[in-house]
Amino acid sequence: MNRIRVAVDMDEVIADTYGAMLGWLIERHGPRWSPETLHGRQLFDMLELDAADALREAMHDGAFFAELPVIDGSQEALSAIASRCELFITSAAMEFPNSLGPKFLWLRRHFPFVDPLNIVFCGDKSVIAADCLIDDNARHFQRFGGQGIVFSSPHNANVTGYPRIRHWNEAIGVLAEVFPGAL
Ligand SMILES: [Mg+2]
């Protein structure tokens, strides 16, 4: 049996972009937001126009993505997945084109076991041919040919209809449930 192909998103799945965005906002605008107030909502939907514009501008400077914290447990989980499956990192990075270089270097630094040829920076993820996609944004699952698996982030707390990974320490168990006998 061929090994299953697992595609994994970057932002808010292995890189704490959400925390960095929140930290950036709080530093400039004060503690007006918290993960609790943002529960079930997209961060950008909660912001006044000027704050949203300023944050987008900061993110267009690719340096924003260079020092993102690694999401807890992701290195161990991806290492385990890579030893049993075909692992790809798939990031819809085209909204912030200057992030491509910093994201690539970030992956080489924190996930050196991921083959550079298995890193895919793309726009529309429906082009990805994988058995599953682990992503915090369920909109990527709508035209994706494989199984979408939601990775928990405050904004997707109310999303249903897909298997869910709440912490990376659940990942192998969830994959084994979705693909019985394949791991
Ligand atoms: Mg994401």
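All values derive from a computational prediction rather than experimental measurement. Here the residue numbering is sequential within each chain, running from 1 through the sequence in written order. At least 70 in pLDDT is required for a residue's local features to be given in this predicted model, at least 80 for side-chain atom pairs to be given and counted, and no such filter applies to totals for whole chains, interfaces and linings, which use all residues. With hydrogens and water stripped out, all remaining heavy atoms of the structure feed into the side-chain values.

**Student:** Which residues make up helix α3 (residues 74-84), and what values go with them?
**Tutor:** Of the positions making up α3, those classed as buried are S74, A77, L78 and I81. Buried residues of α3 fall within an arc of 95° about the axis and therefore sit on the same side. Counted as exposed and oriented over 90 degrees from the buried face of α3: E76 and S83. Burial classes: relative accessible area under 20% of the type maximum marks a residue as buried, over 50% as exposed, and values in between as partly exposed (1.4 Å probe, protein chains only). What counts as a helix is a DSSP run of H or I of at least four residues, what counts as a strand is a run of E of at least two, and both are numbered from the N terminus. By definition, the arc is the one covered by directions from the helix axis to the C-beta atoms.

**Student:** With reference to specific residues and values, describe the sheet that holds strand β1 (residues 5-8).
**Tutor:** As summarised here, the arrangement of the six strands in space is β3-β2-β1-β4-β5-β6, forming an open sheet in which the pairing is parallel. Of all the strands in the sheet, just β3 (119-122) and β6 (164-165) have a single pairing partner and so form its edges. For two strands to pair, DSSP has to find at least two bridges joining them. Where β1 meets strand β4 (residues 132-135), three bridges bridge the pair, whose relative direction is parallel. Bridge pairing in β4 links V8 to I134.

**Student:** Tell me about the coordination of the magnesium ion, and name the residues and values.
**Tutor:** Geometrically, a metal with four donors at the corners of a regular tetrahedron has ideal angles of 109.5 degrees, and one with six donors at the corners of a regular octahedron has ideal angles of 90 or 180 degrees. Each metal site lists N, O and S donors within 2.8 Å (3.2 Å for Na, K and Ca). With water left out of the atoms, a site can look as if it is missing ligands. Looking at the magnesium ion, the protein donor atoms are D9 (OD), D11 (O) and D136 (OD), and they sit 2.0 to 2.2 Å from it. Positions of the donor residues of the magnesium ion, expressed as sequence spacing, correspond to D-x1-D-x124-D. With a relative accessible area of 17%, D11 lands in the buried category.

**Student:** Just give me the short version of the nonpolar core, but keep the residues and values in it.
**Tutor:** Residue types Ala, Val, Leu, Ile, Met, Phe, Trp, Tyr and Cys, when buried and joined through side-chain atoms within 4.5 Å, form a set referred to as a nonpolar core. Within the largest apolar cluster, 48 residues are counted, with the highest numbers of intra-cluster contacts made by V8, I14 and W168. The contact definition used throughout considers only heavy atoms, calling two residues in contact when any of these lie within 4.5 Å. When neighbours within four sequence positions are excluded, W168 is seen to be in contact with V8, V13, I14, I71, D72, G73, S74, A77, L78, I81, I134 and F151. Counting nine residues, the second largest nonpolar core, distinct from the first, contains C122, I128, L133 and F141.

**Student:** Before we move on, can you summarise the layout of surface pockets with the specific residues and values?
**Tutor:** The gaps left among the atoms become clear once a water-sized probe is rolled over them. Counted as a void, the largest pocket has a volume near 540 Å³. Here a cavity denotes a set of grid points, spaced 1 Å apart and computed over the protein atoms alone, in which a 1.4 Å probe fits but from which it cannot get out, and a pocket denotes an open set meeting protein on both sides within 12 Å along at least five of seven lines; residues with an atom within 4 Å of a point are reported as lining. Forming the walls of the largest pocket are 28 residues, and the residues nearest its centre are E12, E95, F96, N137 and R139. Of all elements in the fold, only α1 (17-29) and β2 (86-92) reach the threshold of two or more residues within the lining of the largest pocket. Among the elements that line the lining of the largest pocket, the one with the most residues is α1, at three residues. In terms of residue class, the lining of the largest pocket is built from eleven nonpolar, eight polar and nine charged. Volume-wise, the second largest pocket comes out at about 180 Å³. In terms of lining, the second largest pocket is formed by 13 residues, of which the most central are E12, D16, I71, F151 and S152. When the residues that make up the lining of the second largest pocket are grouped by side-chain class, the tally is five nonpolar, four polar and four charged. Grid points are joined across faces, edges and corners, and a volume is the space filled by probe spheres set on the points. Put simply, Ala, Val, Leu, Ile, Met, Phe, Trp, Tyr, Cys and Pro go in the nonpolar bin, Asp, Glu, Lys and Arg in the charged bin, and everything else, Gly too, in the polar bin.

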